[in-house]
Amino acid sequence: MELNNEKPGGMSISPYFLDLRSAYQSEMEDLRFDSEGRDVLHQRLAGKRQEIGFLLQMMELSPEMVAVVFHQGFDFTGRVAMDHLLTHDADVFPAWSSLAGSCELAPWAQDLAQIVLESPGGDRFLTLTAGLEYMAGLPVAASGLALGGDDEDEESEENEEDADQDGDDGEGGQGSDARARQEAGADWLVQQGFDQKD
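The shown structure was predicted, so the numbers you read here are calculated from the model rather than taken from an experiment. (Residues numbered from 1 in each chain as written. Predicted model: local features only at pLDDT ≥ 70, side-chain atom pairs only at ≥ 80, totals over all residues. Heavy atoms only, no water.)

Take the overall build of the protein next. Counting secondary structure elements, the protein contains 10 helices and two strands. Within the protein, the proportion of its 198 residues that are buried is 42%. Taking the intrachain contacts of the protein between residues at least 6 apart in sequence as the baseline, contacts between residues at least 24 apart amount to 71%. Within the structure as shown, the protein displays about 11,000 Å² of accessible surface, and the carbon and sulfur contribution to it stands at 46%. (Helix = DSSP H or I, 4+ residues; strand = E, 2+ residues; numbered from the N terminus. Buried < 20%, exposed > 50% of the residue type's maximum accessible area, 1.4 Å probe, protein only. Contact = heavy atoms within 4.5 Å. Areas by Shrake-Rupley, 256 points an atom, 1.4 Å probe, with all protein chains shown as cover.)

Right under this line is the structure:
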């Protein structure tokens, strides 16, 4: 059974953004705590921001691993345009410049954005990152990402998780694509000398 992506209040989020949001949240959770349970998110993000030139190599393959460097770097002023952005799939994306009146970057994030925009695919990546950060700031119920209270939706989510754990999402599509992206990104980081995530 396919989940309905229509959200409360008429908001609709594409499967592409839903998959990336899940990967983005996982990346943020991985960064948040060290092995002793201390919250080290700010220190780790600061370190990643210093490595932006290196991380740009992963923009296409694992955008969520790079997008986290912009965490809390956006101020969203145009909800309608941002809601509309979330309806797009991977093949049709508005230009970064089309969001100019809908979000502002913090001064530190403007410097990072300039580096990103000079890279191939940077425009598309910043648009994608704005969408991920916008979703991260939405109340869970407003973004429709919590399925509690509806047994049918909960059952659908459980079935999807079971299919993902079996390595087959029933359609060979987006669930496996997101997983393959995460695994490829993790493998690449290990090849570059980073510790493997558990």
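With that settled, the discussion passes to the confidence of the model for the protein. Residues shown with low pLDDT carry predicted positions that ought not to be read at fine detail. Mean pLDDT for the protein: 77, with 70% of residues reaching 70 or above. Counting interchain partners and residues more than four positions distant, the pLDDT-below-50 stretch residues 1-9 has 24 contacts. (pLDDT = per-residue confidence, 0-100.)

Looking now at unusual backbone geometry. The phi angle at Q72 is positive, at roughly 65°, despite the residue not being glycine. Its place among the elements puts Q72 in the loop between α4 (63-67) and β1 (74-76). Its relative accessible area of 55% is what places Q72 among the exposed residues.

Let us now look at the pattern of salt bridges. Side chains carrying opposite charge are able to pair once their charged atoms draw close together. Inspection of the entire model under this criterion finds five salt bridges. As a salt-bridge pair, D39 and R32 come within 3.4 Å of each other at their nearest N and O atoms. Residue classification places D39 among the partly exposed positions, given a relative accessible area of 44%. Two residues, R79 and D83, come together in a salt bridge whose shortest N-O distance is 3.1 Å. Of this pair, R79 and D83 both sit in helix α5 (residues 79-85), four residues apart, which is roughly one turn of that helix. Ionic contacts of the salt-bridge type, sharing partners, join the residues D34, E36 and R38 into one network. (Salt bridge = Lys/Arg side-chain N within 4 Å of Asp/Glu carboxyl O.)

Packing of helix α1 (residues 15-32) against helix α7 (residues 122-137) leaves a shortest axis separation of 10 Å and a crossing angle of 75°. As summarised for this structure, α1 and α7 are arranged roughly perpendicular, according to the angle between their axes. The segment α1 lies against α7, with Y16, F17, L20, R21 and Y24 engaging R124, L128, G131, L132, E133, M135 and A136. Partitioning the contact of α1 with α7 into residue classes produces eight nonpolar, one polar and three charged. (Axes fitted to C-alpha atoms, helices over the stretch in contact; angles between N-to-C directions. Parallel < 35°, antiparallel > 145°, perpendicular 65-115°, else oblique. Nonpolar A, V, L, I, M, F, W, Y, C, P; charged D, E, K, R; others polar.)

You can see E104 is positioned in strand β2 (residues 103-105). The class of E104 is partly exposed, set by a relative accessible area of 47%. For the pair E104 and A130, spaced 26 residues apart in sequence, the C-alpha to C-alpha distance is 9.8 Å.

Glancing now at the environment of D75. Note on placement: D75 falls in strand β1. Relative accessible area serves as the criterion here: at 45%, D75 is assigned to the partly exposed category. With 28 residues separating them along the chain, D75 and C103 place their C-alpha atoms 5.4 Å apart. Contact partners of D75, with chain neighbours within four places excluded, come to S102, C103 and E104.

The terminal C-alpha atoms of α1 lie 26 Å apart, and with 18 residues this matches the ideal 26 Å at 1.5 Å per residue to within 8%. Residues of α1 that are buried include every one of Y16, F17, L20, R21, A23, Y24, E27, M28 and L31, and no others. (Expected span 1.5 Å × (residues − 1).)

Moving on: the packing of helix α6 (residues 107-117) against α7. At a minimum axis distance of 8 Å, the contact between α6 and α7 shows a crossing angle of 140°. Judged by the inter-axis angle, α6 sits oblique to α7. Along its contact with α6, which presents A113, V116 and L117, the element α7 presents G122, D123, F125 and L126.

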